[in-house]
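# Structural description and commentary
Residues per chain, in single letters:
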Amino acid sequence: MSMRSWIMASCAAAVLAVGGTLAFSPWNAPSLAQVTAPAPVPPAPVAPAVEVPRSDAEIKLSFSPVVKAASPSVVNVYATRIEQQTVSPFANDPFFSRFFGRNQFQSRPRESQSLGSGVIVDAGGVILTNRHVIEGATDVRIALSDGREFAVDIVIEDAQTDLAVLRVRQPGDAVFPAIVFADSDSLEVGDLVLAIGNPFGVGQTVTSGIVSALARTGVESSDYEFFIQTDAAINPGNSGGALVDLDGHLVGINTAIYSQTGGSVGIGFAIPANMAKMVAQAGVSGGQIVRPWFGAKMQAVNSDIAQSLGMPAPHGALITEVAPGGPAERAGFASGDVILSVDGMAVDDPSAFNFRLATKPIGQVTALERVRAGQSEVVNFTIEAAPVAAGDMVATITGSSRFTGTSVRQIDAALAEMKGLPYDAKGVIVTAVEPGSPAEQMGLKTDDIILSLNDVPMDTAAAFSQTASQRARTWQIILQRDGRVTRSIVSG
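Residues numbered from 1 in each chain as written. Predicted model: local features only at pLDDT ≥ 70, side-chain atom pairs only at ≥ 80, totals over all residues. Heavy atoms only, no water.

Attention now goes to the overall build of the chain. On a plain count of helices and strands, the chain comes out with twelve helices and 25 strands. Burial statistics for the chain: of 492 residues in total, 40% are counted as buried. Partitioning the contacts of the chain with sequence separation of at least 6, the portion at a separation of at least 24 is 58%. Looking at the chain as shown, the accessible area adds up to about 26900 Å², and 53% of this sits on carbon and sulfur atoms. (Helix = DSSP H or I, 4+ residues; strand = E, 2+ residues; numbered from the N terminus. Buried < 20%, exposed > 50% of the residue type's maximum accessible area, 1.4 Å probe, protein only. Contact = heavy atoms within 4.5 Å. Areas by Shrake-Rupley, 256 points an atom, 1.4 Å probe, with all protein chains shown as cover.)

Listed below in structure tokens is the structure:
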């Protein structure tokens, strides 16, 4: 190879080593100015730094500051009940009853106690707990974490939320450590929470976990099912206790567990604080719970309904029937509308809508997002209270009647919706039966719907009061119980 060829080859190798390889076409060789540089490669994503304890102080971090802040507000609840206990195991045996008489097997009162938990919500001595903890109790006491005990009165028993409000009977100069309510709508799945209560009566206990799920339904038979699910251990005796966040604020009232053994398996449920707060405020003020009424029946949106309405996903509450003259009808809602959100909070089913509406104050203007004919729009809806039964819509029978001890209420649209009846349902519904009264001996029960007495339609409370107060040799009663209509004849 000549010196000239060797120099040219060396230069070519240097160009390739320094600048890379350039391809030239002998027919259309571009200039260097026309050659574009390759696109820059984006930098690889940097994984977020993981915070791990590095010092002895960080390793020793614990929940103790949260517990110290919240635990004084959690109390033990002791409820005493008087139950009738049969003396002899042969009391219900017809053979022994025939020869010895039923009087030989009279039941005797027996005292029983149940344990639960509660949360102080007012410095004056107002406690929030579950209704099932104190239901039927003749005496209720609380014990604070410092050992002090107080007798309490039952202020509110609310079956629709399974919540109850207690008030210390003689607080004296005591100032009680009230807990701070958190906004339960700000909870997210994965948030750390602590459950504080009195499981199995062993004394105040704290367990930790996370929020496993939100808006759980199908847990209890209450009207407002919208539970927080947690894996923090909740056991019998924790009912009515506190579920708190890491600020020590109340996010829920521990209520129920899913278990096949009676112990915790990591599936516990709590009533959200936003619902509990509404009941607590009514108890603190000494008033009654006033609930909103929308005036419409709903069902969940499934895949078929969503497809037929042109919705991208099955969620929302579909209105199936509107109460004539009710708030929903007056606000322009109609059957076939789908409500998607309340004040920006998503609604996945009718239970979610009922919960969202129930936590709103009466008179507030609320934004309801709905879908109608494939179009989404926002409707401003003013929250209205459910109608209260007027004096002429209720009746109580006294005196020497066969129905003495019966209290009834005339059925209106709001009551019909609450009881799952048609809006045009007729009759009077039994609201209370006095224990030991002739009405109880006759077999009447709460929620029985009396349709007719001796062929007289019971369309109003006044008609029932006038008819039931009369004396008759026999009574022909047509009533509806658990969805079934029955006809009975009883002596007068």
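What follows picks up the thread again.
As a further point, take the environment of Ala-273. As for its placement among the helices and strands, Ala-273 is situated in helix H6 (residues 273-285). Separated by 23 residues in sequence, Ala-273 and Leu-250 have C-alpha atoms that sit 6.4 Å apart.

Before going further, it helps to examine the pattern of salt bridges. For the coordinates displayed, the defined rule picks out 16 salt bridges. Residue Asp-153 is joined to Arg-169 by a salt bridge in which the shortest nitrogen-to-oxygen separation is 2.9 Å. Pair noted here: Asp-153 is in strand S5 (residues 149-158) and Arg-169 is in the loop between strand S6 (163-168) and strand S7 (192-197), with a separation of 16 residues, a long-range link. The partly exposed category is assigned to Asp-153, whose relative accessible area is 35%. One network of salt bridges, in which partners are shared, links Asp-337, Arg-370, Arg-372 and Glu-377. (Salt bridge = Lys/Arg side-chain N within 4 Å of Asp/Glu carboxyl O.)

What follows concerns unusual backbone geometry. Even without being glycine, Ala-215 reaches a positive phi, approximately 60 degrees. Overall, Ala-215 belongs to the partly exposed group, its relative accessible area being 31%. Of note, Asp-455 is a non-glycine position whose phi angle comes to about 70 degrees, a positive value.

The next thing to look at is a nonpolar patch on the surface. Taken together, the side chains of Phe-63, Leu-192, Ile-210 and Leu-246 present a nonpolar region at the surface, about 300 Å² in accessible area. Relative to the helices and strands, Ile-210 is located in strand S8 (residues 205-216). (Patch = residues over 30% accessible without salt bridge, like charges linked within 9 Å, V, L, I, M, F, W, Y side chains within 5 Å.)

Of the strand pairs in this sheet, strand S17 (residues 365-372) and strand S18 (residues 375-382) are connected by eight bridges, and their pairing is antiparallel. Pairing of Arg-372 across the sheet is with Gln-375, part of S18. Counting the residues between successive antiparallel strands, the hairpin from S17 to S18 contains two residues, one of them, Ala-373, with a positive phi of roughly 55 degrees. (Pairing = 2+ DSSP bridges.)

Within soluble globular proteins, side chains that are nonpolar tend to cluster in buried spots. Counting 49 residues, the largest nonpolar core has Leu-128, Val-244, Ile-253, Phe-294, Ile-319, Phe-333 and Phe-353 as its most contacted members. With six residues, the top contributor of residues to this core is H6. Residues in contact with Ile-319, not counting those within four places in the same chain, are Phe-294, Ala-296, Lys-297, Met-298, Phe-333, Ala-334, Ser-335, Gly-336, Asp-337 and Ile-339. (Core = buried A, V, L, I, M, F, W, Y, C linked by side-chain atoms within 4.5 Å.)

This part covers the sheet that holds strand S11 (residues 250-257). Note: strands within a sheet are paired through backbone hydrogen bonds, in either parallel or antiparallel orientation. The strand order around the closed barrel formed by six strands is S7-S8-S9-S12-S11-S10, and the pairing between neighbours is antiparallel. Averaged over all adjacent pairs, the angle separating strand axes in this sheet is 45 degrees, with direction ignored. (Axes fitted to C-alpha atoms, helices over the stretch in contact; angles between N-to-C directions.)

Below, the discussion takes up the confidence of the model for the chain. Looking at the chain as a whole, its pLDDT mean stands at 83, while 79% of the residues score no less than 70. The low-confidence segment residues 1-39 (pLDDT under 50) makes eight contacts with residues lying over four places distant or belonging to another chain. Low pLDDT, under 50, characterises residues 44-48; the predicted model gives this stretch zero contacts beyond four residues in sequence or across chains. (pLDDT = per-residue confidence, 0-100.)

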